[in-house]
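Results of the structural survey
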Amino acid sequence: MEIIGNFVVPISIALIVIFGLCRKVPLFEAFTDGAKEGIVSMFSIAPSLIGLITAVSMLRASGFFEILTDLLSPITSALGFPSEILPLALMRPVSGSGSFALLNDLFKNFSPDSFIGRTASVIAGSTETTFYAIAVYYGSIGIQKTGYTIPAALMSDFAGMVLAPLVIRILIK
Amino acid sequence: MLGYIWGAMLIISLICSIYTGKMEELSSAALNGAAQAVELTLSLLGVMALWSGLMKIADKGGITAILARIFSPVLRILFPDYKPKSPALKAICANMAANLLGLGNAATPFGIAAMKEMQKENKTPEVANRSMVMFVVLNTASIQLIPTTIAAMRASAGSKQPFDIIVAVWIVSFLSLFVGIITAKCFEAPVERRRLRSNRGGRNGNNR
């Protein structure tokens, strides 16, 4: 696993540069253009990150997460799911910035290389902000009846949440 | 919706800290949280800029179109109502390609174009048809090839192997996408049967 992880970045960079050269893209100009867009989009999510990270760290400091974890552990442990990650799993379909705030909090309180840190990373990386996508796409054409979209999308999110800890257990030691 | 969740988080943290007697910690957390967010934004800024820059090179070189062509056979199976060369299927392929590359800013306009194309042939304009549902379900599952943001967050939190989760992310994304597709297909079957029965002899190509 670690080998693939180590190779991903250098190989992708090399492939992108070779591809750009073959296709005669003005390399550095395109790069700086894109980098500027990246900076703008990072700054544009900063206000919501500030609001949500503040809320998450207040919840953490108030002891809420410990209480919640204790309450839920009988249910989650039956599924083999670490109850510490449950707030993240519930936030993921609703808000991208909110789940980044919770993920960051988990990284701070457990290491990113712990079982909890890795499982949380996989959950955050393998699912999308479901309700946002539904709102954007149906909203764009004025569809009100979404039929079975929400159950199917949530089923897919749920599968990701159940599978993430399993796959981490299998793949990493 | 997020407004209520955010408000609830703040109020719950206050109530909870009265119960646990952690008012002092709460007030310092309120101030530190804001600073932490700025710290995170700044620490991700470099990686996100670097990655968006690289992806821009790939994008300018036409990678989306190439990937879209590769996807087209698979997507034709998922969207049987559209002909291979139709503008709807083309926009769907471009959207999927942009999603795979993590080009969120490019994926959304392609996706909206795809929805508009599908809406043109939709007989009931307020109700989503089966292709629209399939498309939105595909978009609610993440199929990003390289989870840059997560890896950057892991690195900024001191991970020794920020990318060691990548294979797990691929497996879980693929399986959860698969579950989403299967669930959509299961829900779709009875709806389609009812629709076919109600307008028997209607348009062809839907008789599954």
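Residues numbered from 1 in each chain as written. Chains lettered and ligands numbered in written order. Predicted model: local features only at pLDDT ≥ 70, side-chain atom pairs only at ≥ 80, totals over all residues. Heavy atoms only, no water.

Along chain A, the regular secondary structure elements total eight helices and zero strands. Reading chain A from its N terminus to its C terminus gives the helix and strand order α-α-α-α-α-α-α-α. For chain A, the spread of C-alpha atoms along the principal axes amounts to about 60 × 50 × 30 Å. Among the 173 residues that make up chain A, the fraction classed as buried is 55%. Only carbon and sulfur atoms are counted for the fraction: they give 71% of the accessible area of chain A, which is about 7700 Å². Between the centroid of the 10 positive side chains of chain A and the centroid of its 11 negative side chains there is a distance of 6 Å. (Helix = DSSP H or I, 4+ residues; strand = E, 2+ residues; numbered from the N terminus. Buried < 20%, exposed > 50% of the residue type's maximum accessible area, 1.4 Å probe, protein only. Areas by Shrake-Rupley, 256 points an atom, 1.4 Å probe, with all protein chains shown as cover. Lys, Arg positive; Asp, Glu negative; His and termini not counted. Charge placed at Lys NZ, Arg CZ, Asp CG, Glu CD.)

On to the overall build of chain B. A tally of helices and strands in chain B yields eight helices and zero strands. Moving toward the C terminus, one meets the helices and strands of chain B in the order α-α-α-α-α-α-α-α. By the compact-globule yardstick of 17 Å for 208 residues, chain B is too spread out, its C-alpha radius of gyration being 22 Å. If you line up chain B on its principal axes, its C-alpha atoms span 70 × 45 × 30 Å. Residue pairs at least 24 apart in sequence account for 58% of intrachain contacts in chain B once pairs closer than 6 positions are excluded. On chain B, roughly 10200 Å² of surface is accessible, and the fraction owed to carbon and sulfur atoms is 66%. (Rg over C-alpha atoms; globule rule 2.2 N^0.38 Å. Contact = heavy atoms within 4.5 Å.)

We now examine the interface of chain B and chain A. With 96 residues of chain B at the contact, the number on the chain A side is 90 residues. With both sides pooled, the region where chain B packs onto chain A buries about 8100 Å², and carbon together with sulfur makes up 77% of that total. Of all residues in chain B, B:Met9, B:Ile57 and B:Thr140 bury the most surface against chain A, accounting for 8% of the area lost on that side. In this assembly, chain B and chain A are joined by four salt bridges. The residue A:Asp113 makes a salt bridge to B:Arg154 at a minimum N-O spacing of 3.1 Å. On inspection of chain B and its partner chain A, the count reaches 21 residue pairs in polar contact (both at pLDDT 80 or more). Among the elements that line the side of chain B that touches chain A, the one with the most residues is helix H2 (residues 23–60) of chain B, at 25 residues. Tallied by class, the residues present in the side of chain B that touches chain A amount to 59 nonpolar, 26 polar and eleven charged. (Buried area = accessible area lost by both parts, 1.4 Å probe. Salt bridge = Lys/Arg side-chain N within 4 Å of Asp/Glu carboxyl O. Polar contact = N/O pair within 3.5 Å; in protein donor to acceptor, adjacent residues only side chain to side chain. Nonpolar A, V, L, I, M, F, W, Y, C, P; charged D, E, K, R; others polar.)

Its place among the elements puts B:Lys22 in the loop between helix H1 (2–20) and H2. In this structure B:Lys22 comes out as partly exposed when scored by relative accessible area, which is 28%.

Bringing a nonpolar patch on the surface into the picture now. Residues A:Ile4, B:Leu145, B:Trp170, B:Ile171, B:Phe174, B:Leu175, B:Phe178 and B:Ile182 make up a contiguous nonpolar surface patch of roughly 690 Å² in combined accessible area. If you tally residues by element for the nonpolar patch, the top one is helix H8 (residues 166–198) of chain B, at six residues. Looking at where A:Ile4 falls in the secondary structure, it is placed in helix H1 (residues 2–22). (Patch = residues over 30% accessible without salt bridge, like charges linked within 9 Å, V, L, I, M, F, W, Y side chains within 5 Å.)

What follows is about the environment of B:Gln36. Tracing the chain through its elements places B:Gln36 in helix H2. Other than its neighbours up to four places away in sequence, B:Gln36 contacts A:Ile53, A:Asn104 and A:Lys108.

Okay, the packing of aromatic side chains next. The final tally for this structure, using the stated rule, is four aromatic pairs over all chains. Both rings, one in A:Tyr137 and one in B:Phe135, keep their centres 5.5 Å apart while their planes meet at 70°; by these two values the pair is edge-to-face. Here the residue A:Tyr137 occupies a position in helix H7 (residues 130–141), and B:Phe135 occupies one in helix H6 (residues 130–140), the pair thus bridging two chains. With relative accessibility at 0%, the residue B:Phe135 sits in the buried group. Relative to B:Phe187, the ring of A:Tyr148 lies with its centre 5.7 Å away and its plane at 15°, an arrangement referred to as stacked. (Phe/Tyr/Trp six-rings, centres within 6.5 Å; stacked < 30°, edge-to-face > 60°.)

Here the focus is unusual backbone geometry. Residue and element names in this part refer to chain A. If you check the backbone angles, Lys24 has positive phi at about 55° while not being a glycine. Mapped onto the secondary structure, Lys24 falls in the loop between H1 and helix H2 (27–62). Overall, Lys24 belongs to the exposed group, its relative accessible area being 73%.

Another aspect to go through is the packing of H7(A) against H6(B). For the pair H7(A) and H6(B), the least separation of the axes is 9 Å and the interaxial angle reads 145°. Seen along the crossing, H7(A) lies across H6(B) with a hand that is right-handed. Between H7(A), through A:Thr130, A:Ala133, A:Ile134, A:Tyr137, A:Tyr138 and A:Ile141, and H6(B), the contact on the second element is made entirely by B:Met132, B:Val133, B:Phe135, B:Val136, B:Asn139 and B:Thr140. Across the contact of H7(A) with H6(B), the residue classes break down as nine nonpolar, three polar and no charged. (Axes fitted to C-alpha atoms, helices over the stretch in contact; angles between N-to-C directions. Left-handed = near helix turned anticlockwise from the far one by under 90°.)

Moving on: the confidence of the model for chain A. In the predicted model, chain A carries a mean pLDDT of 93, and 98% of its residues have values of at least 70. Per-element confidence in chain A ranges from a low mean pLDDT of 89 for H1(A) to a high of 96 for helix H6 (residues 115–126) of chain A. (pLDDT = per-residue confidence, 0-100.)

This paragraph deals with the nonpolar core. If you look at the biggest cluster of nonpolar residues, it comprises 62 residues, and the most contacted ones within it are A:Tyr138, B:Leu75, B:Phe79, B:Met115, B:Met118 and B:Phe135. Sorting elements by how many residues they give to this core places helix H4 (residues 87–100) of chain B first, with nine residues. In this structure A:Tyr138 touches A:Ile143, A:Thr146, A:Thr149, B:Met115, B:Ala128, B:Met132, B:Val133 and B:Val136, once residues within four positions along its chain are discounted. Ranked by size, the runner-up nonpolar core spans 47 residues in total, among them A:Leu102, A:Ile123, B:Leu44 and B:Ala152. (Core = buried A, V, L, I, M, F, W, Y, C linked by side-chain atoms within 4.5 Å.)

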